[in-house]
Amino acid sequence: MLTGEEKFVRSGQVRLWTERFGYPDDPTVLLVMGTSTQAIGWPDELVEALVNSGRQVIRFDHRDTGRSDSVDFTTHPYALADMAADTAAVLDGYGVTAAHIVGTSLGAAIGQWLAVHQAVRVRTLTAMASSPMGNNPGPAWARAMAGQPAAADELPPPTARFLDHLMASAKAPRTTAQQRMDADVQTWRVLNGDVLSFDEAAGRRFVEHCHARADNLAAASNHDLAGRRWADDRRASLSRITAATLVLHGSDDPLFPQAHGEALAAQIPAARLEIVPGMGHHPFFSPGLTERIAGSIIRHTT
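What you are looking at is a predicted structure, and each value in this text was computed from that prediction instead of being measured.

Rules used in this analysis
- Residues numbered from 1 in each chain as written.
- Predicted model: local features only at pLDDT ≥ 70, side-chain atom pairs only at ≥ 80, totals over all residues.
- Heavy atoms only, no water.
- Salt bridge = Lys/Arg side-chain N within 4 Å of Asp/Glu carboxyl O.
- Helix = DSSP H or I, 4+ residues; strand = E, 2+ residues; numbered from the N terminus.
- Buried < 20%, exposed > 50% of the residue type's maximum accessible area, 1.4 Å probe, protein only.
- Pairing = 2+ DSSP bridges.
- Right-handed = clockwise from strand over helix to strand, strands pointing away.
- Core = buried A, V, L, I, M, F, W, Y, C linked by side-chain atoms within 4.5 Å.
- Contact = heavy atoms within 4.5 Å.

**Description of the pattern of salt bridges**
The tally for this structure, following the rule as stated, stands at 16 salt bridges. As a salt-bridge pair, Arg20 and Glu5 come within 2.9 Å of each other at their nearest N and O atoms. Here the residue Arg20 occupies a position in strand E2 (residues 14-21), and Glu5 occupies one in strand E1 (residues 5-11), the gap between them amounting to 15 residues. A cluster of three or more residues bridged by salt bridges with shared partners is formed by Asp182, Arg189, Glu200 and Arg204.

Below, the structure written as structure tokens:
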């Protein structure tokens, strides 16, 4: 059974839950999860594969998720740069100067930010299920929700099925714990995409675990607020990235369609783009994909 060393590290006034696996002398892979998702979104099978390949692996709960501190967003709003500072603080907490940064969705945007603004911390970058950090999808989303086409210079909005899910989810009852868990399972089902099978039992176990270990489930919605705060640091050119970069993207990603991964790879010098057929936005509930993703990360971080 996979066991890790748990400890809390500080990023300013925020206390972050972290977990380390493997040997400290091995190269470090830092796993950075996506919006509103706890560290355990990186499955144990992926972590174990990385450790067995000779890597130290660290995963952590973002602020406002899992066992990390919650923040009063009204009085202490934060943005991508603050979450990147949290990520660097996790490395500091383990005495790691630089790591292989592996991020998915929001985590990949954080990885981009670090690779641009704190390049010495990033040995390699793996950006999965993401979009260029300077891309603001808000206007395209709004037009899509209103039934209007995207502007010529915009990356495509989420799929109609995903947008329909958002509207239906907003109206669905969430008064009981079971209703809230059922709604979360359905969201993961939609994020899985429509091509590859969805392991509902695994998705439900994950949701139940998340609900059981979270100190403040509602706080995770602050990530949506943080994502709407834009600054010049987020618009910095990705051409400044010098770390070897792998862009992993699913052909059936309902949140960031394939063009987002293609645009990200095109903006980073010498980035390698790997399109995974049928993969959606979160691959770890599709049988066989965890092993494939682990293999891609291992090859890129060698």
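**Structural notes on the pairing of strand E5 (residues 99-104)**
A large share of E5 lies buried, amounting to six of its six residues. With four bridges connecting them, strand E3 (residues 28-32) and E5 associate as parallel partners. Within the sheet, the bridge partner assigned to Leu30 lies in E5 and is Ile101. One ladder, built from six bridges, connects E5 with strand E6 (residues 122-128); its direction is parallel. Residue pairing for E6: Ala99 is matched across the bridge by Val122. For the segment spanning E5, helix H3 (residues 106-117) and E6, crossover handedness is right-handed.

**Regarding the nonpolar core**
Judged by nonpolar contacts, the single largest core of 41 residues is most densely connected at Leu30, Ile110, Met133 and Ile241. Sorting the residues of this core by element identifies E2, E3, strand E4 (56-60), helix H2 (80-93), E5, H3, E6 and helix H9 (258-267) as the ones contributing at least two each. Dropping the residues within four chain positions of it, Ile110 is found in contact with Val32, His62, Leu80, Met83, Ala84 and Thr87. Core analysis: the next-biggest nonpolar cluster, separate from the first, contains 23 residues, Leu2, Val47, Leu246 and Leu248 among them.

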